[in-house]
Amino acid sequence: MAEQVDDIDDIEECEEVPVIPTNSGLKRPDKVIVHLKHVGNAPILKKQKIRVSGKDRFLKLIDYLQKATSATNGLFIYINSAFSPTPDQIIGDIYESFKIGEELIVNYALTEAWG
């Protein structure tokens, strides 16, 4: 049974970023599959895999997670259980540098999980 991956295009749009070559000279991917994994007591989302535009800023994913988890006192978001990107980073650039397989692993928690 194939796992369903949903687009989050219906979420409030962030500033559009022009397609420009990355540091490696490759173009950003049009769509990125993001695997959302809860940490600690963070709620488990119904849709754990979503597809986002590689041209969007990470802020769009932060906004999506805040709405989906109803986090009122903050949300801690990590890439591969290691670091937190800044909201202005481009999702496609993060994906190209830190993807595992064909997915970008994003961990989210209600309390600080990793330093």
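All residue numbers here refer to positions counted from 1 along the written sequence of the relevant chain. This being a predicted model, a pLDDT of at least 70 is required before a residue's local features are given, and a value of 80 or more before pairs of side-chain atoms are given or counted; all residues contribute to the totals for chains, interfaces and linings. With hydrogens and water excluded, all non-hydrogen atoms of the structure serve as input to the side-chain values.

S.K.: Help me understand unusual backbone geometry in this model?
M.R.: Peptide bonds are, in most cases, trans, and in most cases residues other than glycine have a negative phi. The phi dihedral of Ser-70 is positive, around 55 degrees, even though this residue is not glycine. In this fold, Ser-70 is placed in the loop between helix H1 (58–69) and strand E4 (76–79). Notably, Asn-80 is not glycine yet its phi reads approximately 50 degrees, a positive angle. The helix and strand labels rest on DSSP assignments: H or I over at least four residues marks a helix, E over at least two residues marks a strand, and numbering proceeds from the N terminus. When you line up the elements, Asn-80 lands in the loop between E4 and helix H2 (91–98). Note on Asn-80: relative accessible area 25%, which makes it partly exposed. Categorising residues by exposure relies on relative accessible area from a 1.4 Å probe, with only protein chains included: less than 20% of the type maximum marks a residue as buried, more than 50% marks it as exposed, and the intermediate range marks it as partly exposed.

S.K.: What is the right way to read the nonpolar core from this model?
M.R.: Nonpolar side chains in soluble globular proteins tend to end up buried together. Ranked by internal contacts, the top residues of the largest apolar core, which has 22 residues, are Leu-36, Leu-65 and Val-106. Listing elements by their share of this core, those giving two or more residues are strand E2 (31–38), strand E3 (49–53), H1, E4, H2 and strand E5 (103–109). With five residues, the top contributor of residues to this core is H1. In what follows, residue pairs with any heavy atoms lying within 4.5 Å of each other are defined as contacts. Apart from the residues lying within four places of it in its own chain, the contact partners of Val-106 are Val-34, His-35, Leu-36, Lys-37, Leu-61, Leu-65, Ile-77, Tyr-78 and Ile-79. For our purposes a nonpolar core is just a set of buried Ala, Val, Leu, Ile, Met, Phe, Trp, Tyr and Cys residues, chained together by side-chain atoms within 4.5 Å.

S.K.: How should the environment of Ala-109 be read in this particular structure?
M.R.: Residue position: Ala-109 is located in strand E5. With a relative accessible area of 1%, Ala-109 lands in the buried category.

S.K.: Would you explain H2 in this entry?
M.R.: Each α-helix winds once per 3.6 residues, and so residues spaced three or four apart point in a common direction. For H2, the full list of buried residues reads Ile-91, Gly-92, Ile-94 and Tyr-95. In a view along the axis of H2, the buried residues occupy a sector of 160 degrees, so they form one face of it. Buried residues along H2 sit in contact with E2, E3, H1, E4 and E5. Directions from the helix axis toward the C-beta atoms define the arc.

S.K.: How do you make sense of H1 when you look at a structure like this?
M.R.: In this scheme, a helix's expected span is set at 1.5 Å multiplied by one less than its residue total. With twelve residues, H1 extends 17 Å from end C-alpha to end C-alpha; this agrees with the ideal 16 Å at 1.5 Å per step. If you check which residues of H1 are buried, you get Phe-58, Lys-60, Leu-61, Ile-62, Tyr-64, Leu-65 and Thr-69. Summarising the contacts, the buried residues of H1 are in contact with E2, E3, E4, H2 and E5. Just past H1, the residue Ser-70 takes up positive phi, approximately 55 degrees.

S.K.: For this particular structure, what's the right way to read the pattern of salt bridges?
M.R.: Between side chains of opposite charge, a pair can form as their charged atoms come close. Throughout this description, the term salt bridge denotes a Lys or Arg side-chain nitrogen within 4 Å of a carboxyl oxygen of Asp or Glu. Applying the stated criterion across every chain, the model contains three salt bridges. Here Glu-103 ties to Lys-49 by a salt bridge, and the two come within 2.4 Å at their closest N and O atoms. With a gap of 54 residues between them, Glu-103 in strand E5 and Lys-49 in strand E3 connect regions that are remote in the sequence. Judged by relative accessible area, Glu-103 falls into the buried class, the value being 16%. The partner of Asp-56 in a salt bridge is Lys-60, with the nearest N and O atoms 3.1 Å apart. An identical accessibility class is assigned to Asp-56 and Lys-60; each is buried.

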